[in-house]
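Chain by chain, the residues run as shown.
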Amino acid sequence: MITSKPFAISKRMVWEAYKAVKANQGAAGVDGVTVEVFESELKDNLYRLWNRLASGSYYPPPVKRVEIPKRDGGRRPLGIPTVGDRVAQAVVKQYLEQIAEPRFHPDSYGYRPGRSAHQAIERTRERCWRFKWVLEIDIRSFFDSLDHALVLRALRRFTDVRWVHLYVERWLRADVVLLDGQRERRARGTPQGGVISPLLANIFLHLAFDQWMHDTCPDVPFERYADDIVVHCRSEVQAREMHARIDARLRRCDLELHPEKTRVVCCDVGDRERVSSFDFLGFTFRPRLAKSQVGALFVTFGPAISRKAARGLRETVRRDWRLPTRTSMTIAELAKMMNPVLRGWIGYYGRFRRSALVGALRNLNLSLRLWTMRKYKRFKRRPRAAMAWLRRIALSARGLFVHWEIAGLIPTVVAGR
């Protein structure tokens, strides 16, 4: 195709990228422009963006730093690009993904089309039954530690297209606007929250870890979800040897294993003295009772929601929702606000051993009871009566709160405490 622009970036590529950004929505960046505002002048905005990308004159604006709650209750810093910059990143991502995806390792699951955390957890569970030892790997501050020169070197192993390298380098070096408004230059790392960041992380770790494991340790299986990694070993000796080898390998890539969170764990339920547990993607793997198809009980090694994740759910209810203070809302309005998040929790954590999720969700019923006691004077200092009222609602509108389908309402003896 003949074009007057130096880079072969078509208007169709920008349009497809915009559709992907619109589908994901997301918050406004440093310019305060939302997806809806961007769309109000869509034709002009996309044309200007295409013109600058295709001519090589596009420079990304600073990234807005925000913090979001983690599954384990902590806070994770994110970098939020502007809507226009997200579209630009999506152009490069969609082009680069076509090249990179066929080369990625089958046991890399994070941020890949058609792959999920549940697939990684399922594969981990299957291998824990066959391999008696696990090396739980935690890379210290992975996204903040990436060396820009090494990222660009890894990128060259996948493509030599000039505009891909040009814009990736500019995004890596884009300034960050901190929470207090100060502007900071970034010498290392790629911000979590950027459209292109997960793909760059996968490209880097494919060469730094996946391909290296395939070439040097082909008989040692693993699962990787972004920077969360589980390695399966046949013995404690092999696990400790792999710890040393992987530590040396990642150090050569300017990365560091977390000394406390990287652990060797026994998965052999027959070894009661040494069998332990490990966490992966919000689930804790440990010995658990299970029932066979004929009803016989046995001990297996499997996943369920972790304590950290369950604590994070309860913290969201307590700190973010603050249900007892929302007395201006009706119970139907509370359900409308909460149900989308509850569906996400149940869909994710309820996939494996759903019964373990019940305790965290039942705690939500206590918050609903407090809301009832504060909203209605007749239930003030009457917890049993408030819970009985909620129970009657549950009987008449069972699906009002989606968690009632699995958690129900807590027993009266607990409700009255």
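In the block above lies the structure referred to throughout.
Since this is a predicted model, take the numbers as computed values, not measurements. (Residues numbered from 1 in each chain as written. Predicted model: local features only at pLDDT ≥ 70, side-chain atom pairs only at ≥ 80, totals over all residues. Heavy atoms only, no water.)

### Observations regarding the pairing of strand S7 (residues 228–233)
Rules: For each residue, the accessible area found with a 1.4 Å probe, counting protein chains only, is set against the maximum for its type, and the residue is called buried under 20%, exposed over 50%, and partly exposed in between. Runs of H or I in DSSP of at least four residues are treated as helices and runs of E of at least two as strands, each being numbered from the N terminus. Strand pairing is defined by DSSP finding a minimum of two bridges between the two strands.
In terms of burial, S7 is a largely internal element, five of the six residues being buried. Inspection of the sheet shows strand S3 (residues 133–138) paired to S7 by six bridges, in the antiparallel sense. Pairing of leucine 135 across the sheet is with valine 231, part of S7. Here strand S6 (residues 222–225) pairs with S7 via four bridges, running antiparallel. In the strand pairing of S7, tyrosine 225 is matched with aspartate 228. Linking S6 to S7, which pair antiparallel, is a turn of two residues; within it alanine 226 sits at a positive phi near 55 degrees.

### Describing the environment of proline 77
Assignment of secondary structure puts proline 77 in strand S2 (residues 75–80). Once the C-alpha coordinates of proline 77 and proline 198 are considered, the two residues, 121 residues apart in sequence, prove to be 15 Å apart.

### A short note on the packing of aromatic side chains
So the rule is basically this: Between the rings of Phe, Tyr and Trp (Trp by its six-membered ring), a pair exists once the centres lie within 6.5 Å; its type follows the angle of the planes, with under 30 degrees stacked, over 60 edge-to-face, and the other angles tilted. The criterion is that NZ of a Lys, or CZ of an Arg, lies within 6 Å of the ring centre and within 35 degrees of the ring normal, and then a charge sits over that ring.
Inspection of the entire model under this criterion finds 23 aromatic pairs. Each ring, one from tyrosine 18 and one from phenylalanine 38, has its centre 6.1 Å from the other, and the planes form 25 degrees; the classification is stacked. With tyrosine 18 in helix H1 (residues 11–24) and phenylalanine 38 in helix H2 (residues 35–40), this pair connects stretches of sequence that are 20 residues apart. Note on tyrosine 18: relative accessible area 2%, which makes it buried. Counting every residue linked through ring pairs, the aromatic cluster contains Phe7, Tyr58, Tyr167 and Trp171. Sitting above the plane of the tryptophan 50 ring, lysine 11 keeps its charged end 4.9 Å from the centroid. One Lys or Arg, arginine 103, reaches over the ring of phenylalanine 158 and ends 4.2 Å from the middle of that ring.

### Remarks on the nonpolar core
Operational definition: In plain words, nonpolar cores are sets of buried Ala, Val, Leu, Ile, Met, Phe, Trp, Tyr and Cys residues tied together by side-chain atoms within 4.5 Å.
Among the nonpolar cores identified, the biggest contains 70 residues, and Met213, Val231 and Ile246 are the most heavily contacted of them. Top contributing element to this core by residue count: helix H9 (residues 197–216), with 11 residues. Formed by 55 residues, the second largest nonpolar core is a distinct cluster that contains Ala226, Cys267, Tyr348 and Trp371.

### Some thoughts on a positive patch on the surface
Using the following cut-off: A patch consists of residues exposed above 30% relative accessible area that lack any salt bridge, with like charges linked at up to 9 Å and nonpolar side chains (Val, Leu, Ile, Met, Phe, Trp, Tyr) linked at up to 5 Å. The Shrake-Rupley method, run with a 1.4 Å probe, gives the accessible areas here. Residue values count only the displayed protein chains as cover. Take a side-chain nitrogen of Lys or Arg and a carboxyl oxygen of Asp or Glu: if they are within 4 Å of each other, that pair is a salt bridge. Counting rule for charge: Lys and Arg are taken as positive, Asp and Glu as negative, and neither His nor the chain ends is counted. Note on charges: their place is set at NZ of Lys, CZ of Arg, CG of Asp or CD of Glu.
Among the surface-exposed residues, Lys261, Lys308, Arg311 and Arg314 lie close enough to one another that they form a single positively charged patch. Structurally, lysine 261 can be placed in the loop between helix H10 (236–252) and strand S8 (263–266).

### A few points about helix H11 (residues 307–321)
Definition in use: Helix span, expected: 1.5 Å multiplied by one less than the number of residues in the helix. One axis fitted to the seven residues ending at a residue, another fitted to the seven starting there: the angle between these axes is the bend at that residue.
An ideal rise of 1.5 Å per residue puts 21 Å on 15 residues; H11 measures up with 20 Å between its terminal C-alpha atoms. Largest kink in H11: about 25 degrees, centred on glutamate 315. Of the positions making up H11, those classed as buried are Ala309, Ala310, Gly312, Leu313, Thr316, Val317 and Trp321.

### Concerning the packing of helix H12 (residues 331–349) against helix H13 (residues 355–375)
Operational definition: Only C-alpha atoms enter the line fits that serve as axes; for helices the fit covers just the stretch in contact. Angles between N-to-C directions range over 0 to 180 degrees. Roughly parallel means an angle under 35 degrees; roughly antiparallel, over 145; roughly perpendicular, 65 to 115; everything else is oblique. By the convention used here, residues are in contact when the closest approach between their heavy atoms is within 4.5 Å. By the convention adopted, Pro, Cys, Tyr, Trp, Phe, Met, Ile, Leu, Val and Ala count as nonpolar, Lys, Arg, Asp and Glu as charged, and the other residues, Gly among them, as polar.
It is the contact of H12 with H13, at a shortest axis distance of 12 Å, that shows an interaxial angle of 170 degrees. By the angle between their axes, H12 is roughly antiparallel relative to H13. Residues Ile331, Leu334, Met338, Leu342, Trp345, Ile346 and Tyr349 of H12 form the contact with H13, whose own contacting residues are Leu357, Leu361, Leu364, Leu368 and Trp371. A per-class count over the contact of H12 with H13 returns 12 nonpolar, no polar and no charged.

### Observations regarding the packing of helix H4 (residues 83–100) against helix H8 (residues 162–173)
Put simply, the rule reads: The sense of a crossing depends on the near helix, which, turned anticlockwise from the far helix by less than a right angle, makes the crossing left-handed and, turned clockwise, makes it right-handed.
Where H4 meets H8, the axes come as close as 11 Å, and the angle between the chain directions of the two elements is 135 degrees. Judged by the inter-axis angle, H4 sits oblique to H8. The interaxial crossing formed by H4 with H8 has left-handed handedness. In this structure, H4 uses Asp85, Ala88, Gln89, Val91, Val92, Tyr95 and Leu96 to contact H8, whose residues at the interface are Trp163, Val164, Tyr167, Val168 and Trp171. When grouped by side-chain class, the residues that make up the contact of H4 with H8 number 10 nonpolar, one polar and one charged.

### A closer look at empty space enclosed by the protein
To be explicit about the condition: The pocket and cavity definitions rest on a 1 Å grid over protein atoms only: a 1.4 Å probe that fits but cannot leave marks a cavity, an open set with protein on both sides within 12 Å along at least five of seven lines marks a pocket, and residues lining either have an atom within 4 Å of a point. Grid points are joined across faces, edges and corners, and a volume is the space filled by probe spheres set on the points.
Within this structure, the stated rule accounts for two cavities of 30 Å³ or more. Counted as a void, the largest cavity has a volume near 80 Å³. Taken together, 14 residues form the lining of the largest cavity, with Gln89, Trp171, Arg186, Pro191 and Ser197 sitting closest to its centre. Sorting the residues of the lining of the largest cavity by element identifies H4, H8 and H9 as the ones contributing at least two each. Looking at the lining of the largest cavity, its residues break down into eight nonpolar, four polar and two charged. For the second largest cavity, the calculated volume is near 30 Å³. Lining the second largest cavity are Leu313, Arg314, Val317, Trp345, Ala360, Leu361 and Leu364. Sorting the residues of the lining of the second largest cavity by element identifies H11 and H13 as the ones contributing at least two each. Considering only residue class, the lining of the second largest cavity consists of six nonpolar, no polar and one charged.

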